[in-house]
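Remarks on the overall topology
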Amino acid sequence: MITLGIETSCDETAAAVVKNGKTILSNVVFSSLSEHKKYGGVVPEIASRSHVGSILECLDASLKKAKVSLIDIDLVAVTQGPGLMGSLLVGLSAAKTLAWVLKKPLIGVDHVLAHVHAGFLSADLKFPCLGLVVSGGHTMLLRMNSPAHVQILGRTIDDAAGEAFDKVAKILGLGYPGGPAIDRLSRGEDTKKFFFTRPFLSTHSLDFSFSGIKTAVFYRTRELKKPLGLKIKKEICAGFQEAVCDTLVKKTVRAAGENRLKNVVVGGGVSANTRLREKFKTAAEKESLNVVFPKTALCQDNAAMIAGLGAALYRIGQTSPPDMAAYSDFSKRDSFQ
Ligand code: KG4
Ligand code: ZN
């Protein structure tokens, strides 16, 4: 079965072709990031216009790379939400049109769930498992019973992990997006020179809170002599990153224990973080957990994860109507059921 995946929830226009829900034949990502950099974050209007300009070329490139033509497509999977409304509508319109013209089934996919599903494209994983989503917009712990039945165990009550990386990078003048820069600058640095309190670790809740660490970095930085030298910036990055990673790993290990789950899958942009991977490796050995990370190319926004999850949902009988609506937020939902 050949699935065409389409993803346009934020600033990446992406299309992918995936065979049997697992084998990636192509995974093409066009990013409009360079157009947003000078504003220090993604500008929704610029992102939507960029999707309109790129979507057809991106689809063509993904089909060409996969060496398939439109008539070979069995299923069209598309990000339905959450994301920027204008951006989502471009992908949704393209997917609905293709499904209608080709007379093929259409499936709308949740972007957050697709991030953790990326791990299923990189390793042999079985349900039930614990999912940790760490992206720019979301931080969540999920009990994943099947591709369609997922319960939210905990989530951030303020900033997402990636958002905290981006905001701390902004405070330190490291540009946007901040995660990769902080990851790079922290390597080999002393994580104890700047200590930041691990938020929410002493409570029983599986929720997260990252805005306090960001504020702590802001006040700590304000006390220091300006201009800040590179070495001191590196040490602040290392201390901040350690606090975030510690919190993520400890809460995940606790959630796995409470839910008696041995398989853990991590996904989203922050899952590319080197220190997070190292710390999970150590915790996995200590706690006898099987922790799976997606390949680096599948951590960022991409359409292979959309096609993969779309195919898994289709296999258990789900499809979406041609008039399905995009959604920008699901903060009030307790489950993906
Ligand atoms: O999943 P993603 O591509 O987009 C959303 O769905 O939000 O995540 C983007 C986020 C950004 O906040 C970026 O700074 C962060 O992922 N990120 C990282 C790393 N690479 C990307 N954060 C920490 N370390 C990284 N290596
Ligand atoms: Zn994402």
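Residues numbered from 1 in each chain as written. Chains lettered and ligands numbered in written order. Predicted model: local features only at pLDDT ≥ 70, side-chain atom pairs only at ≥ 80, totals over all residues. Heavy atoms only, no water.

As a further point, take the packing of aromatic side chains. The relative placement of two aromatic rings is captured by the distance of their centres and the angle of their planes. By the definition in use, this model includes five aromatic pairs. Consider the rings of Phe 120 and Phe 127, whose centres lie 4.8 Å apart with planes at 20°: the pair is stacked. Taking relative accessible area as the criterion, Phe 120 reaches 9% and is therefore assigned buried. Note on Phe 165 and Phe 240: the rings are 5.1 Å apart at their centroids and 75° apart in plane angle, and the pair reads as edge-to-face. Here the residue Phe 165 occupies a position in helix α5 (residues 161–171), and Phe 240 occupies one in helix α8 (residues 230–258), the gap between them amounting to 75 residues. (Phe/Tyr/Trp six-rings, centres within 6.5 Å; stacked < 30°, edge-to-face > 60°. Buried < 20%, exposed > 50% of the residue type's maximum accessible area, 1.4 Å probe, protein only. Helix = DSSP H or I, 4+ residues; strand = E, 2+ residues; numbered from the N terminus.)

Before going further, it helps to examine the pattern of salt bridges. When charged atoms on two side chains of opposite charge get close, those side chains can pair. A full pass over the atoms with the stated rule returns 16 salt bridges. Glu 235 serves as the salt-bridge partner of Lys 193, at 3.5 Å between the closest nitrogen and oxygen. Taken as a pair, Lys 193 in the loop between α6 (178–186) and α7 (211–223) and Glu 235 in helix α8 lie far apart in primary sequence, 42 residues in all. Residue class for Glu 235 comes out buried when judged on its relative accessible area of 9%. With a shortest N-O distance of 2.7 Å, Glu 242 and Lys 279 are connected by a salt bridge. Pair noted here: Glu 242 is in helix α8 and Lys 279 is in helix α9 (residues 274–287), with a separation of 37 residues, a long-range link. The burial state of Glu 242 is the same as that of Lys 279; both residues are buried. (Salt bridge = Lys/Arg side-chain N within 4 Å of Asp/Glu carboxyl O.)

When you line up the elements, Ser 32 lands in the loop between β3 (23–31) and α1 (33–36). Residue classification places Ser 32 among the buried residues on the basis of a relative accessible area of 1%. In this structure the side chain of Ser 32 is engaged in a polar contact, spanning 3.1 Å, whose partner is the backbone oxygen of Asp 11. Of note is the side chain of Ser 32, whose polar atom sits 2.9 Å from the side chain of His 36. Residue contacts for Ser 32: discarding those within four places in its chain leaves Asp 11, Ala 47 and Ser 50. (Polar contact = N/O pair within 3.5 Å; in protein donor to acceptor, adjacent residues only side chain to side chain. Contact = heavy atoms within 4.5 Å.)

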